[in-house]
Amino acid sequence: MEIMRDDSSDSRPPRSVDADTARARQQLIGRRLRDMYDSVLDEGVPDDFAALLSALDETGDDAAEPAGKTAGKAEEGVSDG
């Protein structure tokens, strides 16, 4: 078994930063993550995927078992799969 090592790391301990610098970095990271998340939300859902979700919703409603029947199987120790 081969052990992989990260030779790119520096042997010096990390520099400590003051609280204001750390907070500024965290805020910048948070802002960039929010921007990225918002851009993903703005992309929308492709038409093919929306049609597939619609078809699955319709199939799921027709194929759903009554709650009592499923609960009875659980009590008997019978699985659906």
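Calculation rules
- Residues numbered from 1 in each chain as written.
- Predicted model: local features only at pLDDT ≥ 70, side-chain atom pairs only at ≥ 80, totals over all residues.
- Heavy atoms only, no water.
- Helix = DSSP H or I, 4+ residues; strand = E, 2+ residues; numbered from the N terminus.
- Buried < 20%, exposed > 50% of the residue type's maximum accessible area, 1.4 Å probe, protein only.
- Areas by Shrake-Rupley, 256 points an atom, 1.4 Å probe, with all protein chains shown as cover.
- UniProt positions renumbered as here; feature names shortened; annotations may be inferred.
- Patch = residues over 30% accessible without salt bridge, like charges linked within 9 Å, V, L, I, M, F, W, Y side chains within 5 Å.
- Salt bridge = Lys/Arg side-chain N within 4 Å of Asp/Glu carboxyl O.
- Expected span 1.5 Å × (residues − 1).
- pLDDT = per-residue confidence, 0-100.
- Lys, Arg positive; Asp, Glu negative; His and termini not counted.
- Charge placed at Lys NZ, Arg CZ, Asp CG, Glu CD.

**A few points about the overall build of the protein chain**
Then, number 1: When its secondary structure is counted, the protein chain shows three helices and zero strands.
Then, number 2: For the protein chain, the α and β elements follow one another from N to C terminus as α-α-α.
Then, number 3: Going through the 81 residues of the protein chain one by one, you find that 2% of them count as buried.
Then, number 4: Roughly 8,000 Å² of accessible area belongs to the protein chain as shown, and the carbon and sulfur atoms make up 53% of that amount.

**A look at the UniProt feature "domain: Anti-sigma factor NepR" (unreviewed entry) in the protein chain**
Then, number 1: The positions that UniProt labels "domain: Anti-sigma factor NepR" (unreviewed entry) are, in the present scheme, residues 26-59.
Then, number 2: Counted over residues 26-59, helix gives 88% and strand 0%. Its end C-alpha atoms are 45 Å apart.

**A look at a nonpolar patch on the surface**
Then, number 1: Side chains of Val45, Phe49, Leu52, Leu53 and Leu56 sit close together on the surface and give an oily, nonpolar patch of about 460 Å² of accessible area.
Then, number 2: Assignment of secondary structure puts leucine 56 in helix H2 (residues 47-63).

**Side note on helix H1 (residues 19-42)**
An α-helical turn contains 3.6 residues, so any two residues separated by three or four positions project in the same direction.
Then, number 1: The end-to-end C-alpha separation of H1 is 34 Å, in line with the 34 Å expected for 24 residues at 1.5 Å each.
Then, number 2: Glycine 44 lies just past H1 and shows a positive phi near 80°.

**Topic: the confidence of the model for the protein chain**
Then, number 1: In the predicted model, the protein chain carries a mean pLDDT of 78, and the fraction of residues at 70 or more is 62%.
Then, number 2: Ranking the elements of the protein chain by mean pLDDT puts helix H3 (residues 67-76) last with 54 and H1 first with 95.

**What to know about a negative patch on the surface**
Then, number 1: On the surface, Asp35, Asp38, Asp42 and Glu43 cluster together to form a negatively charged patch.
Then, number 2: Its place among the elements puts glutamate 43 in the loop between H1 and H2.

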